[in-house]
Amino acid sequence: MDISDIAKKLGLSDSKHIIRKAAELRRLCDVQFDSSAIGVGEICKAIICLEIAASGWEEVIFDRPTVIKLSGMSAKAYNRSLNAMQNGLGVKTKLDIRELGIRFGCVRLIPFVQKGLSLYKDRFLAALPASRRTSADFTRPVFTAVAFYLCAKKHKLKFDKLKLIEVCGTSESEFFSVSTSMKDLCHDFFGILKEKKDPKDVKGN
């Protein structure tokens with residue numbers, strides 16, 4: 001199936017700039033690595049290239065249920081393939097805090113998320129040896145998504161966590177890992193208590 005045909009099914013037929021960028025990414029993908037080796041077929045590859053191409057345009061929101069259906073994969077498998085192709089192409093998807101606030105109806109969280117992210121970065125870097133600080137990468141969408149989730153949890157706002165994970169294009173395991181790290185380093189800011197220890201462990205100490 002041609003990229004233009006897929007774009008039409010996703011309601012992107014008028015977005016010529018995105019289709020051109022997706023075609024360029026597909027050619028680059030064919031040159032740089034074998035997508036079939038990571039379990040990504042031709043149709044799914046075209047869909048992922050479209051999503052990556054559209055990620056830089058705030059006005060474009062992918063119809064994720066249709067995307068998953070067209071790809072012929074499960075949501076988890078699609079996210080894994082998306083991450084694998086982004087890594088293979090050296091492309092990083094940006095996740096805008098304001099966009100998240102609008103999409104999930106939590107605009108008032110924006111300043112809290114920004115402050116929480118800044119605090120986490122400072123404390124995370126402070127805990128690293130000086131030689132490793134320059135290589136620390138906080139640009140991945142998962143950090144923004146986790147900070148947004150923890151702020152929402154603190155303010156007792158409910159929304160679809162799985163949808164948030166899908167939007168940021170990460171896995172549940174990575175989301176959980178970053179969440180644990182952020183809660184440990186910034187528990188005073190996010191205001192979320194750690195799980196109670198096992199009584200046996202307390203006695204042992």
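Residues numbered from 1 in each chain as written. Predicted model: local features only at pLDDT ≥ 70, side-chain atom pairs only at ≥ 80, totals over all residues. Heavy atoms only, no water.

## Brief notes about the nonpolar core
Right, so step 1: Val113, Phe143, Phe148, Leu164, Phe175 and Met182 are the most contacted members of the largest nonpolar core, which totals 30 residues.
Right, so step 2: At 10 residues, the largest contribution of residues to this core is made by helix α9 (residues 141-154).
Right, so step 3: With sequence-adjacent residues up to four places away left out, Val113 is seen in contact with Ile97, Thr144, Ala147, Phe148 and Cys151.
Right, so step 4: Counting residues in each nonpolar core, the second largest holds 26 residues, with Leu12, Leu25, Ile68 and Leu89 among its members. (Core = buried A, V, L, I, M, F, W, Y, C linked by side-chain atoms within 4.5 Å. Buried < 20%, exposed > 50% of the residue type's maximum accessible area, 1.4 Å probe, protein only. Helix = DSSP H or I, 4+ residues; strand = E, 2+ residues; numbered from the N terminus. Contact = heavy atoms within 4.5 Å.)

## Remarks on the pattern of salt bridges
Right, so step 1: Counting across every chain of the model gives 5 salt bridges.
Right, so step 2: With a shortest N-O distance of 3.3 Å, Arg26 and Glu42 are connected by a salt bridge. Residue Arg26 is located in helix α2 (residues 16-32), and its partner Glu42 is located in helix α3 (residues 42-54); the two are separated by 16 residues in the primary sequence.
Right, so step 3: When its relative accessible area of 16% is taken as the criterion, Arg26 is described as buried.
Right, so step 4: Classification of Glu42 as partly exposed rests on a relative accessible area of 44%.
Right, so step 5: Between Asp30 and Lys45 there is a salt bridge whose closest N-O contact spans 2.5 Å. Taken together, the positions of Asp30 in helix α2 and Lys45 in helix α3 put the pair 15 residues apart, joining distant regions of the chain. (Salt bridge = Lys/Arg side-chain N within 4 Å of Asp/Glu carboxyl O.)

## What to know about the confidence of the model for the protein chain
Right, so step 1: Averaged over all residues, the pLDDT of the protein chain is 81; the fraction at 70 or higher stands at 88%.
Right, so step 2: Within the model, pLDDT remains below 50 along residues 193-205, and this stretch shows 3 contacts once partners closer than five positions in the same chain are excluded. (pLDDT = per-residue confidence, 0-100.)

## Quick look at the state of the cysteines
Right, so step 1: Per the counting criterion, the structure on display carries 0 disulfides.
Right, so step 2: No disulfide involves Cys49; its sulfur sits 5.6 Å from that of Cys29, the nearest cysteine.
Right, so step 3: Taking the relative accessible area as the measure of exposure, Cys49 reaches 0% and is therefore buried.
Right, so step 4: With no disulfide of its own, Cys151 has Cys186 as its nearest cysteine by sulfur position, at a separation of 9.9 Å. (Disulfide = S-S within 2.5 Å.)

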